[in-house]
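If you want the building blocks of each chain, they are given just below.
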Amino acid sequence: MKHNILDIKGLKVGQAQNTEAKTGVTVVIAEKGAVCGVDVRGAAPGTRETDLLNPINAMERVQAVVLSGGSAFGLEAASGVMDYLEEKGIGFDVGVTKVPIVPSAVLFDLGYGDAFVRPDKAMGRAACEAASDEILMEGDYGAGCGATVGKLNGMEHCCNSGIGSWAETTENGITVAALIAVNAFGDVWENGKIIAGTKNPDGTFANTEEGVIKAASSLSFGGKNTTIGIIATNVKLTKAQTAKVAGMAHDGLARCIRPIHTTLDGDTLFCMSTEELELPTAPVDVVGILAAKVTEQAVLRAVKMANINL
């Protein structure tokens with residue numbers, strides 16, 4: 001077991017980044033398709049193809065999900081993923097070709113590196129070409145390359161962050177994993193302490209929640225953020241059930257990022273089901289509880305691995 005999203009058979013993860021410009025893209029490819037749902041909680045999302053994931057709409061399966069930096073500009077990276085998959089004959093068969101279904105979400109990293117270098121079609125393709133079911137880099141890679149946390153006092157007082165993953169498997173073979181790019185306005189907490197977030201001038205951590213509350217009558221702050229990620233499971237779920245699991249996974253964000261889901265965040269989580277394990281009754285609550293648990297751990301790994309890579 002790798003204890004990351006690659007524990008889900010049938011998935012590959014590819015990443016590409018520009019380390020000087022501080023931006024990148026991460027793609028999770030399901031060549032045989034995966035049932036997919038989404039839950040958007042942040043008030044400033046940048047997304048693509050999320051309407052298609054509504055349970056009342058027709059398409060059941062996706063061939064990839066893309067996480068990208070670059071704000072709305074970064075949505076272009078998904079086009080490079082589509083081109084790559086079409087050339088491989090992977091996608092929804094429409095007769096004349098196969099159309100890859102590739103939902104995407106972006107985070108805002110323009111204020112950290114070079115604002116005019118963003119993930120594009122070429123970077124999306126590069127991520128696909130680097131895709132592996134054996135190796136997953138965490139920290140300052142892919143969509144986590146330009147990620148930061150703790151923006152209350154501006155970018156000069158934030159902490160480096162990144163992308164992280166974690167997976168757990170039950171005794172009866174249920175595997176649930178998370179891959180999260182953490183670019184939050186708020187602080188990251190572990191065991192009641194801030195481990196990454198807004199810094200005071202002396203290097204100690206400020207408390208973003210308390211800072212917002214204290215300035216409630218005259219609050220004025222900027223910053224663009226967003227935590228985005230993918231939950232994956234080997235359990236067979238319907239599209240509606242994957243959407244429910246994605247919603248439950250947001251509890252994992254709330255456990256360790258404070259505040260979360262603000263008007264400055266575009267927090268978006270996808271859930272992919274590879275349908276490998278079919279049980280008499282789909283254990284949605286079990287998968288959802290595990291989703292919240294692995295999401296929390298993936299967030300913690302994202303900031304810890306980013307600090308290691310400094």
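As shown above, the structure is provided for reference.
1. Points about helix α2 (residues 121-129)
Right, on to step 1. Every buried residue of α2 is accounted for by Met123, Gly124, Ala127 and Cys128. Taken down its axis, α2 places every buried residue within 145° of arc, on the same side. Across α2 from its buried face, at more than 90 degrees, point the exposed residues Ala122 and Glu129.
Right, on to step 2. For α2, the secondary structure elements touched by its buried residues are β1 (12-18), β2 (23-40) and α1 (77-87).
Right, on to step 3. A distance of 3.2 Å separates the backbone nitrogen of Ala122 from a side-chain oxygen at the start of α2, and that oxygen is part of Asp120.

2. Brief notes about the nonpolar core
Right, on to step 1. Within the largest apolar cluster, 32 residues are counted, with the highest numbers of intra-cluster contacts made by Ile180, Val188, Ile231 and Ile257.
Right, on to step 2. Broken down by secondary-structure element, the contributors of at least two residues to this core are β11 (175-181), β14 (228-235), α4 (239-256), β16 (268-277) and α5 (284-308).
Right, on to step 3. Looking at which element gives the most residues to this core, the answer is α5, with 10 residues.
Right, on to step 4. Residues within four places of Ile257 in sequence aside, it is in contact with Val182, Ala184, Asp187, Val188, Thr227 and Val299.
Right, on to step 5. Membership of the second largest hydrophobic core comes to 30 residues, among which are Val13, Ala34, Ala105 and Ala181.

3. A word on a nonpolar patch on the surface
Right, on to step 1. On the surface, Phe92, Val94, Val96 and Val99 cluster together into a nonpolar patch covering about 360 Å² of accessible area.
Right, on to step 2. With respect to the helices, strands and loops of the structure, Val94 is situated in the loop between β5 (92-93) and β6 (98-99).
Right, on to step 3. Given the relative accessible area of 43%, Val94 is considered partly exposed.

Cut-offs used in this document
- Residues numbered from 1 in each chain as written.
- Predicted model: local features only at pLDDT ≥ 70, side-chain atom pairs only at ≥ 80, totals over all residues.
- Heavy atoms only, no water.
- Buried < 20%, exposed > 50% of the residue type's maximum accessible area, 1.4 Å probe, protein only.
- Helix = DSSP H or I, 4+ residues; strand = E, 2+ residues; numbered from the N terminus.
- Arc of directions from axis to C-beta.
- Contact = heavy atoms within 4.5 Å.
- Polar contact = N/O pair within 3.5 Å; in protein donor to acceptor, adjacent residues only side chain to side chain.
- Core = buried A, V, L, I, M, F, W, Y, C linked by side-chain atoms within 4.5 Å.
- Patch = residues over 30% accessible without salt bridge, like charges linked within 9 Å, V, L, I, M, F, W, Y side chains within 5 Å.
- Areas by Shrake-Rupley, 256 points an atom, 1.4 Å probe, with all protein chains shown as cover.
- Salt bridge = Lys/Arg side-chain N within 4 Å of Asp/Glu carboxyl O.

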